[in-house]
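Reading the structure
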Amino acid sequence: MSHRTPVIAANWKMHKTIEEAEAFLGDFLPQVADVSETEIVICPSYVALQAAVELCAQTRVRIAAQNVHEETEGAFTGEVSAPMLEEIGVSGVVLGHSERRTYFAETDDALARKVPAALAARLRPILCVGETESQREADATEDVLRRQVDADLAGIEDGRLAEVVIAYEPVWAIGTGKTATPDQAEEAIGMIRSLIGARSAEAADSIRILYGGSVTTENAAGLLGRAQIDGALVGGASLDSDGFARIVTAAR
Ligand code: PGA
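This report concerns the structure included in the present document. Computed from a predicted model, the values in this text were never measured in an experiment. (Residues numbered from 1 in each chain as written. Predicted model: local features only at pLDDT ≥ 70, side-chain atom pairs only at ≥ 80, totals over all residues. Heavy atoms only, no water.)

Let us now look at the site of the ligand. In the vicinity of the ligand lie 13 residues, with Lys13, His97, Glu169, Gly175 and Ser214 positioned nearest. In the environment of the ligand, an oxygen atom lies 3.5 Å from a nitrogen or oxygen atom belonging to the side chain of asparagine 11. The backbone of glycine 175 places a nitrogen or oxygen atom 2.6 Å from an oxygen atom of the ligand. Coverage of the ligand by the protein amounts to 95% of the 280 Å² it exposes when considered alone. (Near = heavy atom within 4 Å. Polar contact = N/O pair within 3.5 Å; in protein donor to acceptor, adjacent residues only side chain to side chain. Areas by Shrake-Rupley, 256 points an atom, 1.4 Å probe, with all protein chains shown as cover.)

Structure below.
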């Protein structure tokens, strides 16, 4: 790893009730109490956010949401705004996850508004990008990453790019058990870093770019040992407190 502070984030997706989230944190927090050199982020469902924020208040663990609406308020039934998340002590938000792009029709246009809305409310965006299997097979990975990074970050001025965390999540690796090899992950993350570098060399040097997609306790150290890979966004393997604590430790 590099001079950049690594980020290890747990994307719980639609898992864990408040009671289950509390049980996880009761077990997990003591295991990472002495971890100071890694940013640990947990992304529970909306309803468990506040309980998680309260349990993590005296710790270095930060809580992020899994989505946010781009407007601050309005007639958008079922949606939650960035100021609402900020009010309860949430400090970040996952944006553009492939499940949201695929199942909930999240577009790059919407993301171009959501990323600045998050930053305006002091929420750190964790922006997910990545190609599908057929795009990779068609050699279109670089084009897809360019289109997503250019469009999704269009509303962010160069001087604030480094406040965003990017997660490279190849769609074919999410929840499939088919992890990208460290070489594949590093190559794609290098592409993303040079896309940022075309806008700001300084931002490219300091922005954290994570890998996500079937990260496990077994493969984490191999991925996190690479200079370009600044951490991981972990889905399935983050649901177990002992396993996720081991992944955090692998980032040290
Ligand atoms: P996975 O999910 O680790 O279960 O593949 C990763 C993600 O969707 O962020």
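Moving on from the model shown.
It is the contact of helix α5 (residues 108-120) with helix α7 (residues 141-152), at a shortest axis distance of 8 Å, that shows an interaxial angle of 45°. The pairing of α5 with α7 is recorded here as oblique in orientation. Note on element contacts: α7 touches α5 through Gln148, Ala151 and Asp152, opposite Asp108, Leu111, Ala112 and Val115. Looking at the contact of α5 with α7 residue by residue, the class counts come to four nonpolar, one polar and two charged. (Axes fitted to C-alpha atoms, helices over the stretch in contact; angles between N-to-C directions. Helix = DSSP H or I, 4+ residues; strand = E, 2+ residues; numbered from the N terminus. Parallel < 35°, antiparallel > 145°, perpendicular 65-115°, else oblique. Contact = heavy atoms within 4.5 Å. Nonpolar A, V, L, I, M, F, W, Y, C, P; charged D, E, K, R; others polar.)

The next thing to look at is the environment of proline 44. Among the secondary structure elements, proline 44 is positioned in the loop between β2 (39-43) and α2 (46-56). Among residues more than four places away in sequence, those in contact with proline 44 are Trp12, Leu49, Ala52, Ile63, Ala64 and Gln66.

With that settled, consider the pattern of salt bridges. Within this structure, the stated rule accounts for 18 salt bridges. Aspartate 108 is the salt-bridge partner of arginine 101, the closest N and O atoms lying 2.7 Å from each other. You can call arginine 101 buried: its relative accessible area is 17%. Arginine 101 is paired through a salt bridge with aspartate 152; the nearest N and O atoms lie 2.8 Å apart. Of this pair, arginine 101 sits in helix α4 (residues 98-103) while aspartate 152 sits in helix α7, and the two are 51 residues apart along the sequence. Taking relative accessible area as the criterion, aspartate 152 reaches 0% and is therefore assigned buried. Salt bridges sharing common partners tie together Arg4, Arg193 and Asp230. (Salt bridge = Lys/Arg side-chain N within 4 Å of Asp/Glu carboxyl O. Buried < 20%, exposed > 50% of the residue type's maximum accessible area, 1.4 Å probe, protein only.)

Interpretation in functional terms is not warranted from these geometric data alone.
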